[in-house]
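One letter stands for each residue in the lines below.
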Amino acid sequence: MRLALVLTLATSLAACATVRDSRVNPFNWFGGAESQPTTVSAVELVADGRVPVDQVTRMELKQMPGGAILSVAGLPPTQGWWNAELIALDPDEVPVDGVLTYRFVVDKPNRLTRQSTPQSRELTAGRFLSDQTLAGVSRVVVVAARNSMTSSR
């Protein structure tokens, strides 16, 4: 009896590692982000006077109850850029062929500013994506002027 209990417990615990690493586990839905050069011109992305940030440097998609938080960091060419936001290419946030795409836009500084260090120029933006928004999504893409970052399931 004791041996059967030990074997059952050992088998159950061994299965945990399989579930932990499988795609069934919602915490594994999105992997690390990958950077790619972008082919979208800055002119196409201008919407409300803001322009795309020069480059996306970091992207993270963290699972939360009810959805996920998309968090990105980017570098403008100089200091003083502000009003960073992630704007969905589709206003209804409907994925196209399983891809949900956002523009990382910022406002220009009011005057000429210094370049300084990358750390002093870094901007961040975030957005909550509900489970309904993520339904049918296999990739999330964030587009900047010079590159884009992708996170896939």
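Reading guide: rules and limits
- Residues take numbers from 1 onward in each chain, read along the sequence in its written order.
- At least 70 in pLDDT is required for a residue's local features to be given in this predicted model, at least 80 for side-chain atom pairs to be given and counted, and no such filter applies to totals for whole chains, interfaces and linings, which use all residues.
- With hydrogens and water excluded, all non-hydrogen atoms of the structure serve as input to the side-chain values.
- Helix and strand definitions follow DSSP, with helices as H or I runs of at least four residues and strands as E runs of at least two, each counted in order from the N terminus.
- Working definition: with a 1.4 Å probe on protein chains only, accessible area under 20% of the residue-type maximum means buried, over 50% means exposed, and in between means partly exposed.
- Contacts: residue pairs with any heavy atoms within 4.5 Å of one another.
- In these tables, accessible area is a Shrake-Rupley quantity obtained with a 1.4 Å probe, and a residue counts as shielded only by the protein chains included in the view.
- Basic side-chain nitrogens of Lys or Arg form a salt bridge, by our definition, when they fall within 4 Å of a carboxyl oxygen of Asp or Glu.
- Patch membership needs two things, relative accessible area over 30% and no salt bridge, and members are linked within 9 Å if like-charged or within 5 Å if nonpolar (Val, Leu, Ile, Met, Phe, Trp, Tyr).
- Grouping buried Ala, Val, Leu, Ile, Met, Phe, Trp, Tyr and Cys residues that are joined through side-chain atoms within 4.5 Å yields what is termed a nonpolar core.
- Strand pairing follows a simple DSSP-based rule, namely that at least 2 bridges must link the two strands.
- Note on geometry: axes are lines fitted to C-alpha atoms, helical ones only across the stretch in contact, with angles between N-to-C directions running from 0 to 180 degrees.

Caption draft 1: Spatial organisation of the overall build of the protein. Helix and strand counts for the protein stand at four helices and nine strands. If you list the helices and strands of the protein from N to C, you get α-β-α-β-β-β-β-β-α-β-α-β-β. In the protein, which comprises 153 residues, the share counted as buried stands at 37%. Long-range contacts, defined here as pairs at least 24 residues apart, represent 71% of the contacts in the protein between residues at least 6 apart. Summed over all atoms, the accessible surface of the protein reaches about 9400 Å², with 57% contributed by carbon and sulfur.

Caption draft 2: The pattern of salt bridges, seen in detail. Going through the model one piece at a time under the given rule, you end up with four salt bridges. A salt bridge links glutamate 85 to arginine 50; the nearest nitrogen and oxygen atoms lie 2.6 Å apart. Taken together, the residues glutamate 85 in strand 5 (residues 82-88) and arginine 50 in the loop between helix 2 (42-45) and strand 2 (51-52) connect sequence positions 35 residues apart. Arginine 50 sits in the buried class, given a relative accessible area of 6%. Salt-bridge contacts for glutamate 122 lead to arginine 58; the nearest nitrogen and oxygen are separated by 3.5 Å. In this pair, glutamate 122 sits in the loop between helix 3 (118-121) and strand 7 (123-130) while arginine 58 sits in strand 3 (residues 55-64), placing the two residues 64 residues apart along the sequence. Residue arginine 58 is classed as partly exposed on the basis of its relative accessible area of 45%.

Caption draft 3: Up close: a nonpolar patch on the surface. Taken together, the side chains of Met64, Ile69 and Phe128 present a nonpolar region at the surface, about 260 Å² in accessible area. If you trace the backbone, isoleucine 69 turns up in strand 4 (residues 67-75). Exposure remark for isoleucine 69: the relative accessible area of 35% places this residue in the partly exposed category.

Caption draft 4: Structural context of unusual backbone geometry. Located in the positive-phi region is asparagine 83, a residue other than glycine, with phi close to 60 degrees. Mapped onto the secondary structure, asparagine 83 falls in strand 5. Its identity as a non-glycine residue notwithstanding, glutamate 93 has a phi of 55 degrees, on the positive side. Here glutamate 93 is to be found in the loop between strand 5 and strand 6 (99-107).

Caption draft 5: The nonpolar core, seen in detail. Ranked by size, the top nonpolar core spans 24 residues in total, and within it Leu70, Val72, Leu86, Tyr102, Phe104 and Val142 carry the most contacts. Residue contributions to this core peak at four residues, all from strand 6.

Caption draft 6: Local environment of the sheet that holds strand 7. With antiparallel pairing, the three strands of this open sheet are ordered in space as 3-4-7. This sheet does not close on itself; its edge strands, each paired only once, are strand 3 and strand 7. Taking each pair of neighbouring strands and ignoring which way they run, the sheet shows an average axis angle of 15 degrees. With eight bridges joining them, strand 4 and strand 7 adopt antiparallel strand pairing.

Caption draft 7: Up close: the pairing of strand 4. Most of strand 4 is tucked away, with seven of its nine residues classed as buried. When strand 3 meets strand 4, the two strands line up antiparallel, connected through nine bridges. Note on strand 4: the bridge partner recorded for leucine 61 is leucine 70. Where strand 3 folds back on strand 4, the antiparallel hairpin that results is connected by two residues, among which glycine 66 adopts a positive phi of roughly 90 degrees.

Purely geometric stuff here, so don't read any function into it on its own.
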